[in-house]
Amino acid sequence: MGLMMQPGFAIFDTAIGRCGIAWGSRGVVAVQLPEARDSETRTRLRRRVPEAVEAAPPAAVRRAINAIEALLRGEASDLSAVALDQEGVPDFHRRVYAVARTIPAGATLTYGAIAARLGAPGSARAVGQALGRNPFAIVVPCHRVVAAGGKSGGFSANGGVTTKLRLLAIERAAGGGVTGDAQGGLFDGDGRFDFDPDTAVAHLRAADPVLARLIDKVGRFRMELKQTATLFGALAEAIVYQQLSGKAAATIYGRVCALFPRAHGGPTAAHILRASDAELRGAGLSRAKLLALRDLAQRASARQLPTLAEAHGMDDASIIERLTAVRGIGRWTAEMMLMFRLGRPDVLPADDYGVRKGFALTFKKRELPTRQEMEKRGALWQPYRSVASWYLWRALDQ
């Protein structure tokens, strides 16, 4: 990175929100993940580089920004060439950061594994402290470092562990489920949560004593995610399954898939668009579901539907807005997609009968609660309302 006479900083858009970057004469001084407001992001950058002024990024910094934006869109992106200005960074921290930068996108190392690579096997806690003070978020990918046993560990950025797991989910979607090292890779393929279940359950116990009693009755959190190769495929299957028993829906979906024997991962948008109405109706689809699948396929082909990698980088409200624009996809279907396909932590399907019935049983209500009642109580459960909802479903089994 060439000489930059004037320290500066800039705010830039990414798939997870507006990030910040600051630079000095030797390279990038800081990268700031999104805060709630741009003013807070600016304040954090100014604290780190008091002499910096907001300015247009020099060419080398612009390249770093482009690489960060690409990574957060779910694209393969190499940040290893980004020069860092580490003046004032302790030597041990520099060594930790150098090891962290070798971790591939979507993979993980434990704090202990990094300590061992540094030749200091007893310094896992010091490694964690160094990463907790990491000023170069994303470029030094501290989100790829986890605690022993694959537990998520801490994360100092806005959003905490949820942000950490979201970053890993974006990278995992782009890299096809790359795993971490043998000492505790957090992800080993599809079907992992965007949050730490143990942390979520502990939060719910502390936040709501009544819900805590239900958790004690039900036991550990056992919700399972369905593997998802593409968002289109997941939505197509959801459309087929709507308003049918599981057995009947599985039979019809199997017939639809059988129309495309070479599509091992299920039909694509192109397959659905090429198939005739007679073929799809012959598989058992109703006219309404046929039209819904056609609309879904047309939107996917026109790139109006987010890819799975893009969805991992979007907030829940944006995903619901995009999905419910598809014919036959309502809010409930979108919420189920968020919970059971994307593993999102904070979804409250307040119109779901099972969740409402479980709420009434748990909180001893004679009538089913209104959406307003659900949302008011649900404020206690944030940011883990998905986990609370799963326990409310299980209340029906008690």
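Please refer to the structure higher up on the page.
Residues numbered from 1 in each chain as written. Predicted model: local features only at pLDDT ≥ 70, side-chain atom pairs only at ≥ 80, totals over all residues. Heavy atoms only, no water.

A few points about the overall build of the protein chain
Each helix and strand in the protein chain was counted, giving 19 helices and six strands. With 398 residues in all, the protein chain has 51% of them scored as buried. (Helix = DSSP H or I, 4+ residues; strand = E, 2+ residues; numbered from the N terminus. Buried < 20%, exposed > 50% of the residue type's maximum accessible area, 1.4 Å probe, protein only.)

Focus: the environment of Phe 9
Turning to its location among the elements, Phe 9 is positioned in strand 1 (residues 8–14). Judged by its relative accessible area of 1%, Phe 9 falls in the buried class. A sequence separation of 42 residues divides Phe 9 from Glu 51, and the C-alpha atoms of the two residues are 9.9 Å apart. Discounting chain neighbours no more than four positions away, the residues touching Phe 9 are Ile 21, Ala 22, Trp 23, Arg 42, Leu 45, Arg 46, Ala 52, Val 53, Glu 54 and Ala 55. (Contact = heavy atoms within 4.5 Å.)

Focus: helix 16 (residues 331–340)
In terms of burial, helix 16 is largely enclosed, as seven of its 10 residues are buried. Residues Thr 333, Ala 334, Glu 335, Met 336, Met 337, Leu 338 and Met 339 constitute the buried set of helix 16. Looking at the packing, one finds that the buried side of helix 16 touches helix 9 (231–241), helix 15 (316–323) and helix 19 (385–395).

Some words on the packing of helix 7 (residues 197–207) against helix 19
Taken N-terminus to C-terminus, the directions of helix 7 and helix 19 make an angle of 75°; their axes are 9 Å apart at the nearest point. The pairing of helix 7 with helix 19 is recorded here as roughly perpendicular in orientation. Contacts between helix 7 and helix 19 involve Ala 200, Val 201 and Leu 204 from the first element and Val 387, Ala 388 and Tyr 391 from the second. Looking at the contact of helix 7 with helix 19 residue by residue, the class counts come to six nonpolar, no polar and no charged. (Axes fitted to C-alpha atoms, helices over the stretch in contact; angles between N-to-C directions. Parallel < 35°, antiparallel > 145°, perpendicular 65-115°, else oblique. Nonpolar A, V, L, I, M, F, W, Y, C, P; charged D, E, K, R; others polar.)

A few points about the pattern of salt bridges
Here the structure, examined in full by the defined rule, presents 20 salt bridges. For Glu 40, the salt bridge goes to Arg 37, with nearest N and O atoms at 2.5 Å. Note on Glu 40: relative accessible area 25%, which makes it partly exposed. Arg 371 is paired through a salt bridge with Glu 375; the nearest N and O atoms lie 2.7 Å apart. Of the two residues, Arg 371 and Glu 375 both sit in helix 18 (residues 371–378), four residues apart, roughly one turn of that helix. Accessibility expressed as a relative area gives 36% for Glu 375, which makes it partly exposed. Counted as one network, the salt bridges with shared partners bring together Asp 13, Arg 18 and Asp 38. (Salt bridge = Lys/Arg side-chain N within 4 Å of Asp/Glu carboxyl O.)

Details of the packing of aromatic side chains
Per the stated rule, a full pass over the model turns up nine aromatic pairs. Arranged with centres 5.1 Å apart and planes meeting at 80°, the rings of Phe 221 and Trp 390 form a pair that is edge-to-face. Linking Phe 221 in the loop between helix 8 (209–218) and helix 9 with Trp 390 in helix 19, this pair joins segments that are 169 residues apart in sequence. By relative accessible area, which is 11% here, Phe 221 ends up buried. (Phe/Tyr/Trp six-rings, centres within 6.5 Å; stacked < 30°, edge-to-face > 60°.)

A few points about the pairing of strand 3 (residues 28–32)
Of all five residues in strand 3, five are buried, a share of seventy percent or more. Bridge count for strand 2 (residues 17–23) against strand 3 is four bridges, and the pairing is antiparallel. Paired with Ile 21 across the strands is Val 31, a residue of strand 3. Counting the residues in the hairpin turn of strand 2 and strand 3 gives four residues, including Gly 27, whose phi is positive at 145°. (Pairing = 2+ DSSP bridges.)

Regarding the sheet that holds strand 1
Read from one edge of the open sheet, four strands run 3-2-1-4, paired in mixed fashion. Each edge of the open sheet is held by one strand with a lone partner, namely strand 3 and strand 4 (53–54). As paired elements, strand 1 and strand 2 share seven bridges and run antiparallel to each other. Among the inter-strand pairings, Thr 14 is bridged to a residue of strand 2, identified as Gly 17. Relative to the sheet, helix 1 (residues 38–48) contacts strand 1, strand 2, strand 3 and strand 4, its axis offset from that of strand 1 by approximately 145°.

Considerations on the pairing of strand 1
Moving residue by residue along a regular strand, the side chains alternate between the two faces of the sheet. For strand 1, a buried count of six out of seven residues is recorded, marking the element as mostly surrounded by other parts of the structure. The loop that links strand 1 with its antiparallel partner strand 2 comprises two residues.

Side note on the side chain of Glu 335
In this structure, Glu 335 sits in helix 16. In this structure Glu 335 comes out as buried when scored by relative accessible area, which is 4%. Beyond its immediate chain neighbours, meaning those up to four positions away, Glu 335 contacts Ile 320, Val 347, Leu 348 and Pro 349.

A few points about the nonpolar core
Counting 69 residues, the largest nonpolar core has Phe 221, Leu 296, Leu 323, Trp 381, Val 387 and Tyr 391 as its most contacted members. Those residues in contact with Leu 323, other than ones at most four positions away along the chain, are Leu 231, Leu 235, Leu 305, Ile 329, Ala 334 and Met 337. With 45 residues, the next largest nonpolar core counts Trp 23, Leu 109, Leu 118 and Ala 130 among its residues. (Core = buried A, V, L, I, M, F, W, Y, C linked by side-chain atoms within 4.5 Å.)

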